[in-house]
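# Commentary on secondary and tertiary structure
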Amino acid sequence: MKQLFAKLYKNSEESFYEILRQNLNENKKMFIVTANPETFIMSEKDEEMKKLLLDKESILVPDGIGVVKAARLLNYDVKERIAGIDIANKLLELGNVSKKTIYLFGAKQEVIDSMKAVLNEKYQGLKLVGSSNGYVQDKDKVFREISKLNPDIILVALGIPIQEKLIYKHLNEFNKGIFVGVGGSFDVISGHKKRAPKIFVKLNLEWLYRIICEPKRIKRFYNNNVKFIFKIKKMK
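Here we summarise the structure given alongside this text.

### Focus on the overall build of the protein chain
Looking only at helices and strands, the protein chain features 13 helices and six strands. For a compact globule of 236 residues, the expected C-alpha radius of gyration is about 18 Å, and the protein chain comes in at 17 Å, within 12% of that figure. Buried positions account for 47% of the 236 residues belonging to the protein chain. Sequence separation of 24 or more characterises 78% of the internal contacts of the protein chain that already satisfy a separation of 6 or more. When the accessible surface of the protein chain is split by element, carbon and sulfur atoms take 51% of a total near 12100 Å². Of note, the protein chain has its 43 positive side-chain charges centred 4 Å away from the centre of its 28 negative side-chain charges.

### Here we look at the sheet that holds strand β4 (residues 127-132)
Sheet architecture is open: six strands sit in the order β2-β1-β6-β5-β3-β4, paired in parallel fashion. Every interior strand has two partners, whereas the edge strands, β2 (58-62) and β4, have only one. Pairwise comparison of adjacent strand axes, ignoring direction, gives a mean angle of 20° for this sheet. Sheet topology note: the strand β1 (residues 29-35)/strand β6 (residues 177-181) ladder contains four bridges and is parallel. Its bridge partner being in β6, K29 is matched across the sheet by G177. Set on the sheet, helix α8 (residues 139-149) makes contact with β3 (101-106), β4, β5 (153-157) and β6; between it and β3 the angle comes to about 175°. Running at roughly 155° to β6, helix α9 (residues 162-170) makes contact with β1, β3, β5 and β6 of the sheet.

### Side note on helix α3 (residues 37-45)
Across the nine residues of α3, seven count as buried, placing the element largely inside the fold. Of the positions making up α3, those classed as buried are P37, E38, T39, F40, I41, M42 and S43.

### Here's the deal with the nonpolar core
If you look at the biggest cluster of nonpolar residues, it comprises 36 residues, and the most contacted ones within it are F5, F40, F105, F143 and F228. Looking at which element gives the most residues to this core, the answer is helix α5 (residues 65-73), with five residues. Residues in contact with F228, not counting those within four places in the same chain, are M1, F5, P37, F40, I41, G66, V67 and A70.

### Topic: the packing of helix α4 (residues 47-54) against α9
α9 packs onto α4 with a crossing angle of 65° between their chain directions and a minimal axis gap of 10 Å. In terms of crossing hand, the pair formed by α4 and α9 is left-handed. When α4 is examined against α9, the residues E48, M49, K51 and L52 are found in contact with a partner set consisting of E164, K165 and Y168. Of the residues contributing to the contact of α4 with α9, the split by class is three nonpolar, no polar and four charged.

Conventions and cut-offs
- Residues numbered from 1 in each chain as written.
- Predicted model: local features only at pLDDT ≥ 70, side-chain atom pairs only at ≥ 80, totals over all residues.
- Heavy atoms only, no water.
- Helix = DSSP H or I, 4+ residues; strand = E, 2+ residues; numbered from the N terminus.
- Rg over C-alpha atoms; globule rule 2.2 N^0.38 Å.
- Buried < 20%, exposed > 50% of the residue type's maximum accessible area, 1.4 Å probe, protein only.
- Contact = heavy atoms within 4.5 Å.
- Areas by Shrake-Rupley, 256 points an atom, 1.4 Å probe, with all protein chains shown as cover.
- Lys, Arg positive; Asp, Glu negative; His and termini not counted.
- Charge placed at Lys NZ, Arg CZ, Asp CG, Glu CD.
- Pairing = 2+ DSSP bridges.
- Axes fitted to C-alpha atoms, helices over the stretch in contact; angles between N-to-C directions.
- Core = buried A, V, L, I, M, F, W, Y, C linked by side-chain atoms within 4.5 Å.
- Left-handed = near helix turned anticlockwise from the far one by under 90°.
- Nonpolar A, V, L, I, M, F, W, Y, C, P; charged D, E, K, R; others polar.

Put into structure tokens, the structure is as follows:
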């Protein structure tokens, strides 16, 4: 697990967005993994996940205050949390300004339709070259179609670890593109779900808001975040 902490992006959110902007404008390839305690715990029992997280092609971003605090506890100077949904929104903004192309993959069809409406209304400079909901059987086929379209931004909302493994599996088929597994971000960006109130975001308590809204998450929280805390204490 220490290897993952060493690999974490440690600088500010703004500096990361500048890297995004540069790579997008220079048509470079970039695979972003937004890491929270669940990501770290998963790497302990899933070799495929551990391999992709440690691969030089992937950039590990601290999405989760638990990861930031754990890193600091282990003497890694991680400046701040960089939320996955904020990365997704920033890519829409940057792509719009630079008139780039985008592909949306994941979520329900009604969410994808709402995402299209958001792009048409707010990001008219960003060209949507294709989309697919996340319920298709052959997800590899979708990625083969994406590679033919060669978009600049590829947002994949299939949930961890499916989205990360799928991106990693097909990454070599692309010579450019910013790839991000964005989990439930489409639901929030499209308006189907509300993001936590600003006070929760400011206090790094978005995880608590999600549990309040969806109590069934408590088991998942325990299996990952609580176990993560004990592992970090042991490492310390």
